[in-house]
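# Observations on chain architecture
Spelled out from the first residue to the last, the chains are:
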Amino acid sequence: MTERAPIIVVGGGHNGLVCAAYLARAGRRVLVLEAAARAGGCAATHEFHTGFKVSSIAHLLYGLDAQVAGDLNLTQHGLVLAQQNLRSVALHPAAEALVFEGDSVSGAGLAAADRDAFRRFIAARRRFAAVLASWHAAPPPRLALHGWRDALPVGKLGWSVRRLGRKEMRELLRVATMSVDDWLNEYFTNARVKGALALDAVLGARAGPRSGGTVFTSLHRAAGGGSYAVPQGGMGALSAALAHAATAAGAEIRCQAKVAGFEVVAGRVSGMRLASGETLACSAVVSALDPQQTLLGLLGARHLEAEFARRVQHVRATGTAAKLHLALSRAPEFHGLKTQDLGQRLLIAPDADYVERAFNPAKYGEYSPQPVMEVHLPSVHDASMAPAGQHVLSAIVQYAPHNLAAGWPAARSRFLETCLETLSRHWPGLRASILHAELLTPADIAGRVGITGGHWHHGELALDQYLMLRPVPGAAQYATPVGGLYLCSAGTHPGGGVLGTSGRLAAAQLLAREAAP
Amino acid sequence: MSAAVKSRQRYDAIVIGAGHNGLTSAAFLARAGLKVMVLERNSYIGGAAVSRELHQGWIYSNCSYVCSLLRPEIYRALDLARHGLQIVPYGGGVTFTRDGDYLGGYVDKDVKRREIARHNAHDADAWQRYSRDTMRQCRFIRSLLLRTPPDPTSLKLRDLRELLYLGKRFADLGEQGIYDTIRFYTLSIADYLAEYYESDLVRANFSGSGIIGTALGVHSPGTAYVLLHHYMGDVDGQAGAWGYARGGMGAVSKALAGALQSFGGEIRTDAPVEKVLNRGRQVTGVVLASGEEILADRVLSNLDPKRTFLGLLDQKSLQPDLVAKARNFKIRGSSGKLNIALDGLPEFPALGRNHPLHCGDLHFLDSMARFERAYDDWKDGRWSRDPYLDLLIPSMTDPTMTPAGKHYMSVFVQYVPPKVQGRDWTQADRDAFRDTVFDQIETQSPGFRKLVLHAEVRTPLELENEVGLTEGNIFQGELTIDQLFFNRPFPGFAQYRGPLRGLYLCGSATHPGGGVMAAPGANAAREVLLDMGQPEGVPEGWSDD
């Protein structure tokens, strides 16, 4: 008896691995094809200088789907958190740092009114983020409003807003599309508090705090629970645990197996060609690659209806976040930062206008002369990341648009210099302590992990690409118009961050639609 | 009569402010048989829809300058034609390029298509798709203009019925249409246009309508919607067309006032209102700056909610929550205007002589980056160094505006801040701002300056001081989604009623917002009549439905 061809998961990033694990647990035969030498995608750890390791792209865990972690027993498969509930710390070159923890903020120069406003703000953000979180737990409904049955799931979405109560419902409907700058101004007068909260809203986005829709991105980030953690061994340890969970459930993972294209027979994906020339048959495909690469690259627009292909082509996916890695000979001494806060989440965003000004050049295909940063030193919590007494600094740096007008080869060293200059303002001794520096631009990220536009979220996270519009109508419920082809990347609902939810929900859709052999 | 003497005149309704919306409300109330008084602070009526002779022999439409959005239902119901209003369509527009060429927006669709094809063949095809999709959005919103927004949190029969209507309109769009509509309301004009057009010039050509009057850039999400405030109108049934009110925009106000007076309504100018009077939760009238009291159980304010709630009401009667809402209502000044008397007709060599588009609206920004940089300047508290101009020469179409052989040029300027880097405008600033605009015109019309006989420079400050538009915002409040429909001006106050019984808002700060549309005025009047138990008499819904 010949066994039926496997379900192939294309791409061994965290969503691909999560999806594979769920499919395998349901008893399906699953093969994961990963182009790189190791699975992990954006959740990876690499040694960028002898003895120094860093989480290459994503560097903090802030919204991992709790159901995924529980269902897949990630702890049992080796996931250990080196540190949880990181505080956020807003650095300033000439003042004491502000420390944000839960709903309290502390530091010099804060008035009682600021602290009170912060409490109220966090309460509002939590309340509204909880609504989004409830939407993120299930696939988005379609808006085919032909009758009551179609309207029911939409009504459910509406009900989650309605049950906030009249006052809060009105408030959510008002703020949902606003710019975070306007929202913050309604609460705060303190510029530094606004700067830090503005950065939270625009990290990973091609938007500034004055862009409409950034209240939404702020809520989306907070929907993950709003607490930050670091895995022992870096983000690669999470991928290792996911891979372990998948293989333990029976999935097979093949690395260095780059997919070159899909075979389609009678409107259904039947197999695929690898870059090596090998062909593989499959019963269904789930792609963890971004939607554009999957649908326009591997599948090809010729298999798609023209209007649908046009929509996919217009998915907005221009990455603006770069990653900076420094091997340091000693522990940094940032101005105004208490020693016990060195391992926290350090923010360089002194005020909201600074963040907006950093964004301005990105609109013209230029990088920020004064970038914003989210800095983390994993080696403070995890001795395996750097030799004793030495440290690793990992920073997300914005804005560095993928489509740089001058081209990244020409601008790379200048932008690295800009990044170091920015950090030096907070730690004048920086340069003397650098053993090695690595800068990953969105172009590098695109090349290294294979994401279109080098965009973390596989497509801008914005209201026009959210829920049933993510990535595009017609593929927002994970199934595509082509038979047997599913999407499970961060380019689908509920979107990016290392959540794993897309992988989980895509697996459930596939299992419901593709009968077991 | 001394100031202390109270006239104790009594009316059924008082309207504060004789802007076009105030006059529209008043006219509908008078037509329904109410005794109505309109009180205007200035010595002339019209608010921002005025014709003023500020240079001898020249009539300027010195604030709003073109007309398209005025709802035809209102035009017909008030018989504005009989009261002298004549809208004359003008022909198309031009975007000049820096290399001496232009993109012409001809009225004739075939000519326009060929013209776009001259620059980019793909975009000529895309233009048809663009027009179809954008008109679909216009049709959707037009059905909502003359309706009171429902309160989505309410369980009242009326609100549920309106929500159901809205749901039905949505469902009628079809599944893909609904997705497109949601995207349309959340996209930036730049991203919206990028879905159609390849050419930067073609995109720039269509961009202006997304940012006119708005403190947002072409890359700001939400600006695609603003497009509708320039597309959803019509002239003589031609959708999307624009025209001049013959004799200047004051003709609109004059016709509305004529209608009002024909129904027995009264208008008093030089009558600034100081306070709205109340007894408990009930409005009882107003008191003028002169001390004179005028009584009425209904007061409609044509002013924005900041001025109305925070300026005219007894602050003790306000909930703190409402004070915060009014303060947070975003009214941002971002536009300026130059009104110029010319000794002759300026030439634009790119067009050559006798070009049919010479009398259309002329634009000078030919790339998206120039648009966005103009906005970045505003964010920094400066007027744009390379501003977006919407330039027209109304006297080419309407010779009644100037002496024979002379011309009037109206130049709308985006972006202009209400304060210059945090301080008030000075005369030197005003001169430098004027020169910035002149320089840009000179790039396409060498020698233009020599024709200038007089130029009125209007920054947001002048607009605020003269017309009472806070910060000089032409829409009486930003047209962002958080301030539209049931959120306009803010949640809980979108049905034209204020915090006191008998107090109503009727200005552009209410649904459906700005542009000389008169819909807010009509909707407010309908609500007043509804509260009096006589809901008929004001057009509702969409006549072409």
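Our subject is the structure listed above.
Residues numbered from 1 in each chain as written. Chains lettered and ligands numbered in written order. Predicted model: local features only at pLDDT ≥ 70, side-chain atom pairs only at ≥ 80, totals over all residues.

Along its length, chain B carries 17 helices and 22 strands. Relative to the 2.2 N^0.38 estimate, which gives 24 Å for 545 residues, the radius of gyration of chain B is 23 Å and therefore close to what a compact globule would have. When its C-alpha atoms are laid out on the principal axes, chain B stretches across 65 × 60 × 45 Å. Here chain B, with 545 residues, has 56% of them falling under the buried criterion. Of the contacts made within chain B by residues no fewer than 6 positions apart, 74% connect residues no fewer than 24 positions apart. (Helix = DSSP H or I, 4+ residues; strand = E, 2+ residues; numbered from the N terminus. Rg over C-alpha atoms; globule rule 2.2 N^0.38 Å. Buried ≥ 20, exposed ≤ 12 C-beta atoms within 10 Å, placed from the backbone. Contact = placed C-beta atoms within 7 Å.)

Bringing unusual backbone geometry into the picture now. Across the chain, the bulk of peptide bonds are trans and the bulk of non-glycine residues have phi less than zero. Cis peptide bonds are those with omega within 30 degrees of zero, and the linkage from Arg470 of chain A to Pro471 of chain A qualifies with -10°. Looking at where Pro471 of chain A falls in the secondary structure, it is placed in the loop between helix H14 (442–449) and strand S20 (485–487). Geometrically, the link from His511 of chain B to Pro512 of chain B is a cis peptide bond, its omega value of 0° lying close to zero. For Pro512 of chain B, the location among the structural elements is in the loop between strand S22 (503–505) and helix H17 (519–531). With a phi angle near 50°, Asn73 of chain A is a residue other than glycine that sits in the positive phi range. Examined against the element boundaries, Asn73 of chain A turns out to sit in the loop between helix H2 (66–71) and strand S5 (81–83). Its identity is not glycine, yet Ala266 of chain A carries a phi of approximately 50°, on the positive side. In this structure, Ala266 of chain A sits in the loop between strand S11 (259–265) and strand S12 (268–274). Assessed through the 6 C-beta atoms surrounding it within 10 Å, Ala266 of chain A is described here as exposed.

Sheets are built from strands paired through backbone hydrogen bonds, the pairs being either parallel or antiparallel. All names here are of chain B. Pairing is parallel across the open sheet formed by 5 strands, whose spatial order is S12-S3-S2-S16-S22. One side of each edge strand has no neighbouring strand; the edge strands of this open sheet are strand S12 (266–268) and S22. Neighbour-to-neighbour, the strand axes of the sheet open up by a mean angle of 20°, direction not taken into account. Both strand S2 (residues 13–16) and strand S16 (residues 299–301) contribute to a ladder of 3 bridges, which runs parallel. Looking at the pairing, Ile16 lines up with Ser301 of S16. In this fold helix H1 (residues 20–31) packs onto S2, strand S3 (36–39) and S16, with an angle of close to 170° to the strand it touches most, S3. Sheet strands in contact with H17 are S2, S16 and S22, and its direction is about 155° off that of S22. (Pairing = 2+ DSSP bridges. Axes fitted to C-alpha atoms, helices over the stretch in contact; angles between N-to-C directions.)

Turning to the interface of chain B and chain A, a few remarks are in order. With 31 residues of chain B at the interface, the matching set in chain A holds 30 residues. Among the elements of the structure, helix H5 (157–172), helix H6 (174–186) and helix H14 (368–379) of chain B are those that each provide at least two residues to the side of chain B that touches chain A. No other element matches the 7 residues that H6 of chain B contributes to the side of chain B that touches chain A. In terms of residue class, the side of chain B that touches chain A is made up of 12 nonpolar, 10 polar and 9 charged. (Nonpolar A, V, L, I, M, F, W, Y, C, P; charged D, E, K, R; others polar.)

This paragraph deals with helix H15 (residues 427–444) of chain B. With 18 residues, H15 of chain B should cover 26 Å at 1.5 Å per step; its first-to-last C-alpha distance of 27 Å lies within 8% of that length. As for H15 of chain B, its buried residues are in contact with strand S7 (93–96), strand S17 (335–342), strand S19 (388–392), strand S20 (407–414) and strand S21 (452–458) of chain B. (Expected span 1.5 Å × (residues − 1).)

For H17 of chain B, built from 13 residues, the straight-helix expectation of 18 Å at 1.5 Å per residue is met to within 8% by its first-to-last C-alpha distance of 18 Å. Inspection of H17 of chain B places Ala519, Pro520, Gly521, Ala522, Asn523, Ala524, Ala525, Arg526, Glu527, Val528 and Leu529 of chain B among the buried residues, and these make up the whole buried set.

Turning to the sheet that holds S20 of chain A, a few remarks are in order. Residues and elements named next belong to chain A. Reading across from one edge, S10-S2-S1-S14-S20 is the order of the 5 strands in this open sheet, with parallel pairing throughout. Each end of this open sheet is capped by a strand with a single partner; those strands are strand S10 (252–254) and S20. Within the sheet, the average angular offset between the axes of one strand and its neighbour, ignoring direction, is 20°. Direction of pairing for strand S2 (residues 30–33) relative to S10: parallel, over a ladder of 3 bridges. From the neighbouring strand, Leu31 faces S10, where its bridge partner is Glu252. The strands touched by helix H1 (residues 14–25) are strand S1 (7–10), S2 and strand S14 (284–287); relative to S2, the strand with the most contacts, the crossing angle is about 170°.

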